[in-house]
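# Understanding the architecture of this molecule
Next come the chains, spelled out residue by residue.
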Amino acid sequence: MSEAAKPEGERRKFRAIKGTRDILPPDSALWNWFEKTARGVMESYNFGEIRTPIFEETELFARSIGAETDVVSKEMFAWDEGGTGVESELQEYWISKHLDELTKMDRQPIFANRARPDLVVRRSDGVSVVEFKRATVSQATIADIKQYRKVFQEQFPNETSAKLLLVFAEEPSDFVRHLTNANGVEVEVLELPEYEPRQSLALRPEATASVCRAYIEHGMQMRPGDQKLYYIGPMFRRERPQKGRYRQFYQIGAEVLGTSDAPAIDAELIQMLTVLLERCQIEKYTLLINSIGCADCRPKYVELLRAELRKPEIFSKLGADSQRRVETNPLRVMDSKLPEEQAIIEKLPKISEHLCADCREHYDKLKKELKLREVPFTESPRLVRGLDYYMRTTFEITSPILGAQNALCGGGRYDGLVEMLGGPKGIKGIGFALGEDRFIDAIQEAKKIHATRPVDVFVAWMGERAYPTAVRLARVLRGEKHTVELPPEELKFRKALERADKMGARYVLIIGEDEIASDMLTIKRLADGKQEKISEEALVDFFRPPAPTKEGPGS
Ligand code: AMP
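Residues numbered from 1 in each chain as written. Predicted model: local features only at pLDDT ≥ 70, side-chain atom pairs only at ≥ 80, totals over all residues. Heavy atoms only, no water.

Moving on, we get to helix α16 (residues 466-479). Taking 1.5 Å per residue as the helical rise, α16 with its 14 residues ought to reach 20 Å, and the 20 Å between its terminal C-alpha atoms agrees with that figure. For α16, the complete set of buried residues consists of Ala 466, Thr 469, Ala 470, Leu 473, Ala 474 and Leu 477. End-on view of α16: buried residues confined to an arc of 135°, all on one side of the axis. Seen from the buried face of α16, the exposed residues on the opposite side, beyond 90 degrees, are Pro 468, Arg 475 and Gly 479. (Helix = DSSP H or I, 4+ residues; strand = E, 2+ residues; numbered from the N terminus. Expected span 1.5 Å × (residues − 1). Buried < 20%, exposed > 50% of the residue type's maximum accessible area, 1.4 Å probe, protein only. Arc of directions from axis to C-beta.)

In structure tokens form, the structure reads like this:
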């Protein structure tokens, strides 16, 4: 039986996907109030809004956030798109063109014949080519490549000089070459002739990479002064949903891009956040700051940390994730929330004690600048932040009222990012992203602000003759920016009052037979029931100035 033919109770119902949700009135009024307030605060610091697409090339995120971070390697919503559709023909063509070269190679290129959907394996006159379609190389990719090598070695145990021939759908970046080499995978890279490759696209897990991409694409470094940009919008991460953690969540963020890395920029940005917290009347929060050094001093510290973590008495006490990170990214061990690792982490060397002179000076100045602005902060030597692009200043704001997912906001400096994404040299950057979902939770928990969108006037019309007047006056009042509810069908007087009351209307404009006959209107104030008669001409003046606190905070 078709779904439509089934009785109502048996028809399949749709639900929002796990980790996503609907935001309904009256909650949406609080969201709107918050966004308006955030815009107001950021614009008062001379930030302008930037709107970027919600999807980009996967590699943009892989390269900026880091291919090995959880966000990129596990949590991205990515898919393949486009392409000319004649890839296989081109590939045959390419193989036939290069057959000579390939057969003359002193070692046989290799292959795996257990193709995965994202790998295309072809054979032609005894030569196999693995086209590696993913443009990015992550830990998972490296594992795949190693697996293929293993399969090959099992199949051809006597072949010693085997190399894996990877044909990238796009020109492989230095980054890809570096990562594969660094992981001990010998790679022979050949490029396909020009054709429009299939692109891997992803929903944005954050917006800094997009903002930097847009900055570069539009040559925004040519504009005068630092570019101070903010954004508001949804982000997507395939995380395990739980309270305060969604797969589609909303961030408001700001970035400052320019040639200066003056600590005053960092301090202004952080102060701006505290002003927003103040406007939201969130009093219980902690601002944590740290400096994670630069390309000069951090690698030395990371090595020191790694050496410490490798010590058997320490290594054996770490969980599996941290043990893995000792090799891949030891800084992130500092980030661990595992209770049994906390005592060990406390004793590890702190990056703040290993900063180079420039980074130390930058950090000291930042603290001075924050004090000058009377922004209270707590230093947290463990604050390393999860994304790869950060350097020097990092900060986070947490609130105890949020429970387990207590981070309201995080940010930091990323001076090399624009250049790494192919932009001009010497552009510095700093930014933050705050979790709007969590801000809203914190505002609701603090119970200081109750944004609503009240109805100013409920038009209670009774009788055919009253209706045209009701329609006309509703329009006049809406033109004056009042929120007006006009019932589409006639209601009995008592019913109209009840409904107006339930909606939280401030006034009821009563238009009945008597009002039409006497050419006078009745206005009832619901707060105290006070009622008065006025003429139509006096109506607009009666409600002027417009009723306050529309979408505004009430306490
Ligand atoms: P991040 O980009 O990871 O530094 O996140 C910045 C802020 O976004 C965090 O401090 C959270 O407030 C918020 N956030 C991050 N991931 C999520 C999520 N899955 N659900 C809700 N909020 C999130």
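Attention now moves to the sheet that holds strand β16 (residues 457-461). To summarise the sheet geometry, strands pair through backbone hydrogen bonds and adopt either a parallel or an antiparallel arrangement. Spatially, β17-β16-β18-β19-β20 is the arrangement adopted by the 5 strands of the open sheet, whose pairing is mixed. For this open sheet the edge positions go to β17 (484-485) and β20 (531-535), each flanked by a neighbour on one side alone. Note: β16 against β17, 2 bridges, orientation parallel. Directly across from Val 457, in β17, lies its bridge partner Val 484. The strands touched by α16 are β16, β17, β18 (507-511) and β19 (520-525); relative to β18, the strand with the most contacts, the crossing angle is about 145°. Where helix α17 (residues 493-503) meets the sheet, it contacts β16, β17, β18 and β19, and its direction lies at approximately 170° from that of β16. (Pairing = 2+ DSSP bridges. Contact = heavy atoms within 4.5 Å. Axes fitted to C-alpha atoms, helices over the stretch in contact; angles between N-to-C directions.)

Once that is clear, we can look at the site of the ligand. As a matter of local geometry, the ligand sits amid 14 residues, with Arg 237, Glu 239, Tyr 246, Arg 385 and Ala 407 nearest to it. Here Gln 251 contributes a side-chain N or O atom positioned 3.0 Å from an oxygen atom of the ligand. One of the backbone N or O atoms of Ala 407 is found 2.8 Å from an oxygen atom in the ligand. The set of elements that each furnish at least two residues to the shell around the ligand consists of β10 (248-258), β14 (407-413) and β15 (428-435). For the shell around the ligand, the element with the most residues is β14, which contributes 3 residues. Tallied by class, the residues present in the shell around the ligand amount to 6 nonpolar, 3 polar and 5 charged. (Near = heavy atom within 4 Å. Polar contact = N/O pair within 3.5 Å; in protein donor to acceptor, adjacent residues only side chain to side chain. Nonpolar A, V, L, I, M, F, W, Y, C, P; charged D, E, K, R; others polar.)

Next up on the list: the sheet that holds strand β9 (residues 227-236). Pairing is mixed across the open sheet formed by 8 strands, whose spatial order is β1-β9-β10-β15-β14-β13-β11-β12. The sheet terminates laterally at β1 (48-49) and β12 (378-379), the two strands that pair on one side only. In the sheet, β10 pairs with β15 via 8 bridges, with the strands oriented antiparallel. Of the residues in β15, the one forming a bridge with Ile 252 is Leu 434. Each of β10, β11 (286-291), β13 (391-398), β14 and β15 touches helix α8 (residues 263-279); the most contacted strand, β15, lies at about 15° to it.

The next subject is the nonpolar core. With 97 residues, the main nonpolar core has Phe 34 and Phe 432 as its most contacted residues. With 9 residues, the single largest contributor to this core is α8. Judged by nonpolar contacts, the second largest core, of 18 residues, contains Ala 466, Ala 474, Leu 477 and Leu 486. (Core = buried A, V, L, I, M, F, W, Y, C linked by side-chain atoms within 4.5 Å.)

Turning our attention to the packing of helix α9 (residues 298-310) against helix α11 (residues 320-328). Viewed as axis vectors pointing N to C, α9 and α11 meet at an angle of 140°, and their least axial separation amounts to 9 Å. In terms of orientation, α9 and α11 fall into the oblique class. Crossing hand, α9 versus α11: left-handed. Each of Arg 306, Leu 309 and Arg 310 in α9 lies in contact with α11, whose residues at this interface are Val 326, Glu 327 and Thr 328. Counted by class, the contact of α9 with α11 contains 2 nonpolar, 1 polar and 3 charged residues. (Parallel < 35°, antiparallel > 145°, perpendicular 65-115°, else oblique. Left-handed = near helix turned anticlockwise from the far one by under 90°.)

Moving on: the pattern of salt bridges. Scanning all chains against the criterion turns up 32 salt bridges. Of the charged contacts, one joins Glu 49 and Arg 51 as a salt bridge, the two residues approaching to 3.3 Å between their closest N and O atoms. For Glu 49, a relative accessible area of 31% translates into the label partly exposed. Taking the relative accessible area as the measure of exposure, Arg 51 reaches 69% and is therefore exposed. The partner of Lys 365 in a salt bridge is Glu 361, with the nearest N and O atoms 3.0 Å apart. Of this pair, Lys 365 and Glu 361 both sit in helix α13 (residues 357-372), 4 residues apart, which is roughly one turn of the helix. Lys 365 sits in the partly exposed class, given a relative accessible area of 41%. In the salt-bridge network here, residues are joined through shared partners; they are Arg 360, Asp 364, Lys 367 and Glu 379. (Salt bridge = Lys/Arg side-chain N within 4 Å of Asp/Glu carboxyl O.)

Purely spatial values, then, with no claim about function.
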